[in-house]
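# Notes for the structure review
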Amino acid sequence: TELLLVNTKNGKVFYKLILGEDYNITGIRNKPNSHLVYISAEYEYFTDTVLFFNFETKQVVGGMKGVGNSLCFDSSGTKLFSIQNDYVNYYFENKLISQIPIYSAVDLSITDDNRYLVVSAGNAVHLVDLNSLEIRASVTIFVNEQGVEHLVYTPDGYYSGSKNSIKAASFIIEMSVYPFDQFDLERNRPDTILQKIGYAATDMIDLYIKAYHKRLR
């Protein structure tokens, strides 16, 4: 197995790393603020191996096993996230700190402001707070006869979305299923969703709060 390092300015290969037939490379990620490239690979019976390659010295300088794939760094390079089975692993300085249970996760990215880890999983996208490591909100998008629908919801049961998406959703409480309209007055709260995510302007949130109080009359 070969890994070609290419100069992005001239498009030329400046180094060829030969790992051997036992390796199958599954991903590669530059570590910010360093000379390291993290290479995720399958190796013999270890399917979640990561190698640390120094592109200045052109040497493999370390590695970890059992990390997972879809590697993702924050901008400082100290926080590393990966997907392993039904968990998102969080590493600080290459030490496993926590595992976040998120089923069917397939891809990771971090917002430019380092506020959220964005996890794509199944038909949903989850926003994970990088400080608390808790899911702030989730978004699901689907297509029906009326067109493209979206629904934003939080772990504590608040939601907001297009009209038809809300009609198609349900609450599950103690193994019983309830239609959303039974909780709509209390839980359909765009203002709460926007406050939890934290990007919306105060004026916009105030408008939604006023609309909510108007519905209560």
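Every value quoted in this text rests on a predicted model; they were computed, and no experiment measured them. (Residues numbered from 1 in each chain as written. Predicted model: local features only at pLDDT ≥ 70, side-chain atom pairs only at ≥ 80, totals over all residues. Heavy atoms only, no water.)

Before going further, it helps to spend a moment on helix α3 (residues 190-197). Of the positions making up α3, those classed as buried are P190, D191, T192, I193 and I197. In the stretch just after α3, G198 is the one whose phi turns positive, near 95°. (Buried < 20%, exposed > 50% of the residue type's maximum accessible area, 1.4 Å probe, protein only. Helix = DSSP H or I, 4+ residues; strand = E, 2+ residues; numbered from the N terminus.)

Tallying each qualifying case throughout the model produces six aromatic pairs. Judged by centre distance (5.1 Å) and plane angle (20°), the ring pair of F81 and Y90 falls under stacked. Summarising the burial analysis for this pair, F81 and Y90 share the class buried. An aromatic cluster is present here, built from Y38, F52 and F73 joined pairwise through their rings. The side chain of R187 reaches across the aromatic face of Y158, ending 4.4 Å from its centre. R189 extends its terminal NZ or CZ atom over the ring of Y212, reaching a point 3.6 Å from the ring centre. (Phe/Tyr/Trp six-rings, centres within 6.5 Å; stacked < 30°, edge-to-face > 60°. Lys NZ or Arg CZ within 6 Å of the ring centre and 35° of its normal.)

Looking now at the sheet that holds strand β9 (residues 87-92). Spatially, the four strands line up as an open sheet ordered β7-β8-β9-β10, and their pairing is antiparallel. Lying at the two open borders of the sheet, with one neighbouring strand each, are β7 (69-73) and β10 (95-101). Each strand of the sheet is rotated relative to its neighbour by a mean of 20°, with strand direction disregarded. Bridge count between strand β8 (residues 79-84) and β9: six bridges; the pairing is antiparallel. Following the sheet pairing, S82 is matched in β9 by N89. (Pairing = 2+ DSSP bridges. Axes fitted to C-alpha atoms, helices over the stretch in contact; angles between N-to-C directions.)

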